[in-house]
Amino acid sequence: MSTLREMFFIFFRIGALTLGGGYVMIPIMEDEIVHKRKWITEKDFINILAIAQSFPGAIAINTSIYVGYKIRKHRGALTACLGLILPPFLIISSAAALILSYGEHPVVKQIFMGVRPAVAGLIAAAVVRLSSKLEHSAFNIVMGLAAFGAISILGFHPISIILVSGCLGYVTMRKMAGDQ
């Protein structure tokens, strides 16, 4: 079982060394929490991600709170969350001051031109990694494609997709359980 200090520093490192936001942190969290430390199972991690995405707030923060709670209850939730958000808070506060002063400088603009596509690639890698761990059932494939199309093509809000998907999953799984 982890100590609160160990948990804090693991989440602190994830928060400090991961650029690109919550989705980029997910594979790193998974590696640290599931594979290296074996605090939770891979199945639990996927379930935590589904829950974290379904609630308001950033997925990485929600995930850290849930993982911390699962491991060490309320103290774990608070410790993991603080560890994760403290580095970005300090970095963003410092960066905001610098960008306000130097944001129009050509070098700063060039740096951002290079970082944007790299972050998009990191997010795409997280999507591929997570989707490869899903069961490749017809239901999951149809739901994934329908959600993608509803958001990217039809412009539906992600919350409506989550609510509808949750209801459809519930109805489908109840029906499947009744057929057995």
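The structure we're discussing is the one just above.
These lines cover the structure that appears in this document, whether it is placed above or below. Quantities reported herein were computed from a predicted structural model and do not represent experimental measurements. (Residues numbered from 1 in each chain as written. Predicted model: local features only at pLDDT ≥ 70, side-chain atom pairs only at ≥ 80, totals over all residues. Heavy atoms only, no water.)

On to the overall build of the protein chain. When its secondary structure is counted, the protein chain shows seven helices and zero strands. Along the protein chain, from the amino end to the carboxyl end, the secondary structure elements read α-α-α-α-α-α-α. In terms of principal-axis extent, the alpha carbons of the protein chain reach across some 65 × 45 × 25 Å. Counting across all 180 residues of the protein chain, residues that qualify as buried make up 27%. Look at the contacts in the protein chain between residues 6 or more apart in sequence, and 58% of them connect residues 24 or more apart. Of the roughly 11,800 Å² of accessible surface on the protein chain, a fraction of 71% belongs to carbon and sulfur atoms. Mean positive and mean negative side-chain charge positions of the protein chain (16 and 9 charges, respectively) differ by 6 Å. (Helix = DSSP H or I, 4+ residues; strand = E, 2+ residues; numbered from the N terminus. Buried < 20%, exposed > 50% of the residue type's maximum accessible area, 1.4 Å probe, protein only. Contact = heavy atoms within 4.5 Å. Areas by Shrake-Rupley, 256 points an atom, 1.4 Å probe, with all protein chains shown as cover. Lys, Arg positive; Asp, Glu negative; His and termini not counted. Charge placed at Lys NZ, Arg CZ, Asp CG, Glu CD.)

Among the structural elements, T63 can be located in helix α4 (residues 59-102). What makes T63 buried here is its relative accessible area of 0%. Every residue in contact with T63, bar those within four places of it in the chain, is listed here: M29, F45, I48, L49 and A52.

Here the focus is unusual backbone geometry. Here the phi dihedral of K38 falls at roughly 55 degrees; this positive angle occurs in a residue that is not glycine. Take K38: it is sitting in the loop between α2 (22-36) and α3 (42-54). K38 gets classed as exposed once you look at its relative accessible area, which sits at 63%. The backbone of K73 shows a phi angle near 55 degrees, a positive value even though the residue is not glycine. One can find K73 in helix α4.

With that out of the way, let us pick up the packing of α3 against α4. With their axes 9 Å apart at the nearest point, α3 and α4 run at an angle of 130 degrees to one another. The angle between α3 and α4 falls in the class oblique. The chirality of how α3 crosses α4 is right-handed. When α3 is examined against α4, the residues D44, F45, I48, L49, I51, A52 and Q53 are found in contact with a partner set consisting of I59, N62, T63, Y66, V67 and K70. Among the residues forming the contact of α3 with α4, the class breakdown is eight nonpolar, three polar and two charged. (Axes fitted to C-alpha atoms, helices over the stretch in contact; angles between N-to-C directions. Parallel < 35°, antiparallel > 145°, perpendicular 65-115°, else oblique. Left-handed = near helix turned anticlockwise from the far one by under 90°. Nonpolar A, V, L, I, M, F, W, Y, C, P; charged D, E, K, R; others polar.)

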